[in-house]
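Structural overview for review
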Amino acid sequence: MQESNIDSRIKMARIHAGLSRAEMSRQFKIPIRTLENWESGTRTPPIWAEELIVEKLENISKTS
């Protein structure tokens, strides 16, 4: 299942948290290419990983 770039939950949560891909890559220790692939829909993360990442990004956006 591929998602369009606009529909990426991780991308939307990242933007809402005010992080660039590079900042998120450093903070979460996820390779930037992996983030690019997830956000573009080229690859999809495991659902458990997506849920944890989105939750963490939502917490960041609440505190900023």
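Please refer to the structure placed before this passage.
Quantities reported herein were computed from a predicted structural model and do not represent experimental measurements.

Here helix H2 (residues 21-28) crosses helix H3 (residues 32-40) at 120°, and the two axes come no closer than 9 Å. Here H3 runs oblique to H2, going by the angle between their axes. For the element pair H2 and H3, the recorded crossing hand is right-handed. Side by side, H2 and H3 meet where Arg 21, Ala 22, Met 24 and Ser 25 of the first sit next to Ile 32, Leu 35, Glu 36 and Glu 39 of the second. A class-by-class count of the residues in the contact of H2 with H3 yields 4 nonpolar, 1 polar and 3 charged.

One can describe the packing of H2 onto helix H4 (residues 47-63) by two numbers: an axis separation of 13 Å at closest approach and a directional angle of 110°. Regarding the angle of H2 to H4, the classification is roughly perpendicular. Of H4, the residues touching H2 (which contributes Met 24, Gln 27 and Phe 28) are Ile 53, Lys 56, Leu 57 and Ile 60. Across the contact of H2 with H4, the residue classes tally to 5 nonpolar, 1 polar and 1 charged.

Turning our attention to the environment of Trp 38. Position of Trp 38 among the secondary structure elements: in helix H3. When its relative accessible area of 14% is taken as the criterion, Trp 38 is described as buried. Those residues in contact with Trp 38 that sit more than four places away from it in its chain are Ser 8, Ile 10, Ile 30, Arg 43, Thr 44, Pro 45 and Ile 53.

The rules behind each value
- Residues numbered from 1 in each chain as written.
- Predicted model: local features only at pLDDT ≥ 70, side-chain atom pairs only at ≥ 80, totals over all residues.
- Heavy atoms only, no water.
- Axes fitted to C-alpha atoms, helices over the stretch in contact; angles between N-to-C directions.
- Helix = DSSP H or I, 4+ residues; strand = E, 2+ residues; numbered from the N terminus.
- Parallel < 35°, antiparallel > 145°, perpendicular 65-115°, else oblique.
- Left-handed = near helix turned anticlockwise from the far one by under 90°.
- Contact = heavy atoms within 4.5 Å.
- Nonpolar A, V, L, I, M, F, W, Y, C, P; charged D, E, K, R; others polar.
- Buried < 20%, exposed > 50% of the residue type's maximum accessible area, 1.4 Å probe, protein only.

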